[in-house]
Each structure stands twice: as C-alpha cells, then as structure tokens.
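Residues per chain, in single letters:
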Amino acid sequence: MTFSITLKPADKQFGVEPDEAILAAAIRQGIGLPYGCRDGACGSCKSRLLEGRVVHGTHQDKALSAAEEASGLILTCCATAQTDCVIEARNVPGSGDFPVLKMPSRVLQIERVASDVIVLRMQLPANQNFLYRAGQYVEFILRDGARRSYSMGNAPHRLGSPPAIELHLRHMPGGKFTDQAFGTLKEKDILRMEGPFGSFFLREESTKPIVLLASGTGFAPIKAIIEQLQAKADLRPAVLYWGGRRPQDLYMDDWCQRTVAQMPSLRYVPVVSDALAEDGWTGRTGFVHRAVMEDLPDLSGHQVYACGAPIVVDSARADFTAQCKLPADEFFADSFVSEADKHARP
Ligand SMILES: Cc1cc2nc3c(=O)[nH]c(=O)nc-3n(C[C@H](O)[C@H](O)[C@H](O)COP(=O)(O)OP(=O)(O)OC[C@H]3O[C@@H](n4cnc5c(N)ncnc54)[C@H](O)[C@@H]3O)c2cc1C
Ligand code: FES
C-alpha cells in the first residue's frame, strides 16, 4: 500500500512505499526536499510532521534529539510513513531536476595535492548524460554495499574532454574507502557510483552577498560554486574563507589566488588554525568560522554556504544565527559526516 505525503507550504504531493524512507521517495520522484547525508547524521532534512505517523530508523541524537522528535520534528531521510502524512518542509526548487543515475566510472587521474588529499578525476560513461548542480555530490557504492559520498569539485561546464568529475578526497586512516583510495586505487580502475545527490547548491534567485565557508576538502563543492558564479558572470559580492590546520591543507591556494585575480566580485581569506613556526604563516589564524564573525559581525543581509568538517559547519550555523543575525534559512551546508561521527559518543 502506498501512502501519500503532502508537503506544506508548497502543497506538493507524492507517494511513498511502506518500507521506503520519505526522502528516498521524494528523490525518486524528483521532489525538492532539503537534505545532506541521507543517513540520519547531519540534520539537514529535519522537517515538521503536521499530520500522520512515521517511524524512524537509526539516526544520530545530534541530528534529531528525543525532545525534538517528541515536539513533532522528523528526519525525512530515515523516517518511513505509517499513514498518509502532511509535512512542513522547505521546498528546494531545482534539487530534483536531474535524474539520479547509477553508473560505472573509470579513474582517469589520481593527483596527490597534499600529504593527505588526492584529487580524483572520474570519467563519466559516454552513454549516460550525467547532469548535476555545482555543489552536489555522488556516492561510491563499495563491494559490500556501503556508500561513501564525495562532492564534485568542478562545475558541470568544466567537465573537460573526456567528460570527468573532479573529487577531492581526504585520507581518513582506518577508513574503508579512503584507505583503498590512497593505497591500491589506480588509473583505469572502475568504481560504481550513483548521483547526483544533495540540496547544497547556489540559490541563483537571490541577490544577497555570499559567504563561502570551507574547511579542508569542503573546498570541493565551494570551488564548483565559484566556477559557476564565474561562468554566469554573477556579480554578487562573494568572499571565500578557507580553513585548514596547516597552510598545506589549503591545497589549491594557488587556484584561489588566480581566480580572485580574475573575479573582482570575489575575495579570498585563507585561515590556518595550527600553524607551526616552520610554516612561516603570516595570514589569518584561528577557527575559520570565527574569522568570518570578526570580519562580518552582521550577517543579516547575507547568504552563507558552508561545507566540510561537521564541527565547523555546526559551529558556523549556531554562531552565525545566534550572534551575527544570519536568518536560519539563509544558511546552506553539507556536513562531511563519516563513520567516526556516526559512532562518536554524544
Ligand atoms: C554529503 C557528503 C559529502 C562529502 N563529500 C566529501 C568530499 O568531497 N571529500 C571528502 O574527503 N569527504 C567527503 N565526505 C566524507 C566521505 O563521504 C567519507 O565519510 C570519508 O571519506 C571517510 O570515508 P572512509 O570510508 O575512508 O572512512 P570510514 O570507513 O567512514 O571511517 C571514517 C573514520 O572513522 C573511523 N571509524 C570507522 N568505523 C568506526 C566506528 N564504528 N566507530 C568509530 N570510528 C570508526 C575510521 O577508522 C576512520 O578513521 C562527504 C560526506 C558527506 C555526507
Ligand atoms: S540527517 Fe537526514 S539528510 Fe542528513
């Protein structure tokens, strides 16, 4: 039996199978809901159940606490409907526009850009028309069925020839996929992937100035968004804050410097939190989101796009809205949650 989901205030309706997560049904039918990890860990899909009943699968307390659940909030990525439901959720125009494809992809190039970061170029199959928005991600499907997400680091008009997506991977020692990617993966290997996923992309209808906040490889989707701004000759003022522990963590600093020189609307502020004397770092120091707050104490007229380490994304969301007057619905983020975060003690 199929249940009917009605979204408010958009008044959109779609069907969901009894054992299917509400978000999965929405993605399958091209309905634009907000989401990030699809796995109960980031909280991006949090919505309010106005009518009906759902059951939640495994999820993190950080993403949805028991008190929030009791107050009627749900995570659409791990909630299955038990009845017809009415849900209050942000409509994300555009997030369901492109079909989600499952396809093999070939490793075209592996480039080591820092001691713990590689840029992987994955060739797209010629017989599939893979379309995505700058900011979205793909999932690799591993042999045991586990999935790992990586954000496209190039905008769709920069696929090149042969068409290939660029992914920035940070090594997490002990990690199921990145141990393999940094160990045995080689050019011409084939990996199965699925995508595009995600509601983290530029809201083109806005004219507000933009803060782009990246931590570590969270730079990948931000780079794609900058390429898109550049291609559209979008003159909205934008400022990129990119944070790492050491200067070498800003592994495409030269790309940023070059791009800023070509884009008068873009500024770039690199921020390093744990520079050593030997680094000779003379730039900004400290936590990257704190640098934003020092420079822009009033964010009430801005949009923020934040990506990378969950601690950075969560701190930015909390502090920007509480202390810098950023409207909560002008904060867009993808939090790079991993198994470590999913199993961390609260
Ligand atoms: C939407 C999204 C986009 C992302 N985009 C990117 C990207 O562009 N670039 C990028 O580098 N990353 C990205 N990530 C993170 C990425 O998907 C992986 O989580 C990351 O690469 C680690 O994968 P792994 O298989 O190597 O490690 P995992 O197997 O997930 O392990 C991660 C770490 O946790 C430890 N661990 C494993 N299991 C447990 C456990 N049970 N208890 C405690 N610790 C455990 C491991 O030892 C390891 O150190 C993204 C994540 C999301 C959700
Ligand atoms: S918690 Fe649902 S998408 Fe991350």
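Anything mentioned here points back to the structure above.
Here goes a summary of the coordinates provided. The structure presented is a predicted model; accordingly, all values stated were derived computationally and were not measured.

## Thoughts on the sheet that holds strand S9 (residues 117–123)
Each strand in a sheet pairs with its neighbour through backbone hydrogen bonds, running either in the same direction (parallel) or in the opposite one (antiparallel).
Logical step 1: Taking strand neighbours across the sheet as the criterion, the six strands line up as S11-S10-S13-S8-S9-S12 in an open arrangement whose pairing is antiparallel. Strands with a single pairing partner mark the edges of an open sheet, and in this sheet they are strand S11 (147–151) and strand S12 (164–170). Averaged over neighbouring strand pairs, the angle between their axes works out to 40° when direction is ignored.
Logical step 2: Of the strand pairs in this sheet, strand S10 (residues 137–141) and S11 are connected by five bridges, and their pairing is antiparallel. By the bridge assignment for S11, phenylalanine 140 is matched with arginine 148.
Logical step 3: Its contacts with the sheet put helix H3 (residues 176–183) on strand S8 (101–114), S9, S10, S11, S12 and strand S13 (190–197), and the angle it makes with S12 is roughly 110°.
Logical step 4: Across the face of the sheet, helix H4 (residues 219–231) comes into contact with S11 and S12 while running at roughly 145° to S12.

## Topic: the packing of H4 against helix H5 (residues 253–262)
Two packed helices can be described by the angle between their axes and the distance between those axes.
Logical step 1: Here H4 crosses H5 at 20°, and the two axes come no closer than 12 Å. Taken together, the axes of H4 and H5 lie roughly parallel to each other. In terms of crossing hand, the pair formed by H4 and H5 is left-handed. The residues of H5 that touch H4, namely those facing Phe219, Lys223, Ile226, Glu227 and Gln230, are Trp255, Cys256, Thr259 and Gln262.
Logical step 2: The residue makeup of the contact of H4 with H5, split by class, is four nonpolar, three polar and two charged.

## Focus on the nonpolar core
Logical step 1: Formed by 31 residues in total, the largest nonpolar core has its most connected members in Leu212, Phe219, Ile222, Leu240, Trp242 and Tyr305.
Logical step 2: Contributions of two or more residues to this core are made by S9, strand S14 (210–215), H4, strand S15 (238–244), H5, strand S16 (266–272) and strand S18 (303–308).
Logical step 3: In terms of residue count, the dominant contributor to this core is H4 (six residues).

Reading the values: the criteria
- Residues numbered from 1 in each chain as written.
- Chains lettered and ligands numbered in written order.
- Predicted model: local features only at pLDDT ≥ 70, side-chain atom pairs only at ≥ 80, totals over all residues.
- Heavy atoms only, no water.
- Pairing = 2+ DSSP bridges.
- Helix = DSSP H or I, 4+ residues; strand = E, 2+ residues; numbered from the N terminus.
- Axes fitted to C-alpha atoms, helices over the stretch in contact; angles between N-to-C directions.
- Contact = heavy atoms within 4.5 Å.
- Parallel < 35°, antiparallel > 145°, perpendicular 65-115°, else oblique.
- Left-handed = near helix turned anticlockwise from the far one by under 90°.
- Nonpolar A, V, L, I, M, F, W, Y, C, P; charged D, E, K, R; others polar.
- Core = buried A, V, L, I, M, F, W, Y, C linked by side-chain atoms within 4.5 Å.
- Buried < 20%, exposed > 50% of the residue type's maximum accessible area, 1.4 Å probe, protein only.

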